Amino acid sequence: MKNKGLLIFSLSTALVAAASFTSLAASGWQQVNENGAVRYVYYNSYGDLERSAWVRGDSDNQWRWLNSDGYMAVNSLVDDGRYCVDENGRMVVNQWRQVNIDGELKWMYFSSTGKAVTDGWKQISGAYYFFDEDGIMQTGWVDEERYYCAENGVMKKGWQLLDPPDDYDEDDNGPQISSNEGKYWFYFQDSGKVVRAEGSDDYIEKKIGDSRYCFDDDGIMQTGWVKVEDRDPAIRGYRFCADSEDINGFKYGEVLRSTWWSAEAPDEDGFDSADVNWYYLDRSGEPLAGEVTEDGNGVELFTSGLEKVEGKTYLFNEVGNPVSGLRKVKTSSGNKSMYFGENEAEPAHEGTARIDDGVGNKETFEFNSSGYGYDGVHDGKLYYMGRLQRATDGSRAFIRVNGETYLVNTSGSILKNKEYKSDGEIEYKSDSSGRRSGGYGEIIDAEEPEYTTD
């Protein structure tokens, strides 16, 4: 330890005291010569030699220890190692001392009573130190490995790059941990306690300053995908922690938030991690995701997953990826079709689109400003689930959409106030709105388009 001005001494060495004492004939301190060395003893008022006892000095009022042979101890631990005396035999108080324990130099601190600080934490000159049951100042991981003390014994706070605790087993941890020559990042709170997952949790998410980070049950800061909770869909329980410096402006280890990110999927919960996919992490760091079921006719139906990102609408599947293609979604006003382009991470399309019908043909679709395909008449043409409805087996046809039958031509335009005969009989007839008002022509029910599937 530095700058403490401490004196090193050995338990096995007894130096000659430099102080002088008044020699009394019958009681008090006496100077004796022991094999050429000056030693001091103390006789009580009965003339008995004091042994294994504390005695206060006559001239300086300081406490001194008499060992089992009756000699005043110097530069040593005394009284079962609970106290220390200096080179003048005086009890050490409010001081650090370095002692030799089994050939190793260790630090101890002796309080205002002279007794060594033991069994726990002690604040000394504004810093905290941890001592074992013998009063030895500890370094490294202490107190159930919840705290860390530097080489000078001071309790650490804030971010620290350290060796992991002794019971750390790298094989027990996921592959997302980044290290620096065997050292890992830990965060110690103002109390000195390390942030770590407790109880049954494998990982914990913690806000530090304006950022968020994830830690395992050893307190190691995590990188990459980290599962912090069980959610449905499962991807919502994950966070992505920056695995290199300055990712989209995020610090190393920081939970990505309010940003797009491309990465392989987590390697747990049955995800397919073979491909790199896009994700959007919301303002809390949670990946956006939806839920998919069937509509009763075996068609894939998104019951959730429509999300606004930077003012644009995207659709996310159960594993957190934005989908592409033509999709069927559930809304408060019924099931709708939406189109998200041919590439991943494209927003909902608005206006006209030409979309493959699944057998190599391009069909015309029309979507409103919310991205929903039109149903019924729009701009004089007929649509169902966004797809243009038109006559295909002749120049005109009756087509039924949502219970209403309209007369349309080959371009999908509504034919209003029209009457067409065949062999003298009315085959097609429409009113002023284009609805069927007569005729024996076949009524064709509009069919749903061919949707994209993952």
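Rules of the game
Residues numbered from 1 in each chain as written. Predicted model: local features only at pLDDT ≥ 70, side-chain atom pairs only at ≥ 80, totals over all residues. Heavy atoms only, no water. Pairing = 2+ DSSP bridges. Helix = DSSP H or I, 4+ residues; strand = E, 2+ residues; numbered from the N terminus. Axes fitted to C-alpha atoms, helices over the stretch in contact; angles between N-to-C directions. Salt bridge = Lys/Arg side-chain N within 4 Å of Asp/Glu carboxyl O. Buried < 20%, exposed > 50% of the residue type's maximum accessible area, 1.4 Å probe, protein only.

Before going further, it helps to spend a moment on the sheet that holds strand 36 (residues 425–430). Reading across the sheet, the 3 strands line up as 35-36-37 and stay open at both edges, with antiparallel pairing between neighbours. Only two strands of the sheet have a single neighbouring strand rather than two, namely strand 35 (419–422) and strand 37 (436–438). Direction aside, neighbouring strands of the sheet carry axes that sit 25° apart on average. Of the pairings in the sheet, the one linking strand 35 to strand 36 comprises 4 bridges and is antiparallel in character. Within strand 36, the position partnered with serine 422 by the bridge is glutamate 425.

The mixed open sheet is built from 3 strands, whose spatial order is 34-33-38. For this open sheet the edge positions go to strand 34 (404–409) and strand 38 (443–445), each flanked by a neighbour on one side alone. Taken over all neighbouring pairs, the strand axes of this sheet differ in orientation by 40° on average, direction set aside. Two strands pair when backbone bridges link them, and strand 33 (residues 396–401) and strand 34 are joined in this way by 6 bridges, in the antiparallel orientation. For valine 401, the partnering residue across the bridge sits in strand 34 and is glutamate 404.

In this section: the pattern of salt bridges. Under the counting rule described, the total for this entry stands at 25 salt bridges. The closest approach of N and O atoms between arginine 231 and glutamate 286, which form a salt bridge, is 2.9 Å. One end of the pair, arginine 231, is in the loop between strand 18 (224–227) and strand 19 (238–241); the other, glutamate 286, is in the loop between strand 21 (276–281) and strand 22 (292–294), and 55 residues separate them in sequence. The class for arginine 231 is partly exposed, based on a relative accessible area of 32%. For glutamate 286, a relative accessible area of 10% puts it in the buried group. Among the salt bridges present, the one from arginine 236 reaches glutamate 307, with a minimum N-O distance of 4.0 Å. Placement of the pair is arginine 236 in the loop between strand 18 and strand 19 and glutamate 307 in strand 24 (residues 306–309), with a sequence separation of 71 residues. Taken together, the shared-partner salt bridges connect Glu205, Arg212, Glu229, Arg231, Arg236, Arg239, Glu286 and Glu307 into one network.

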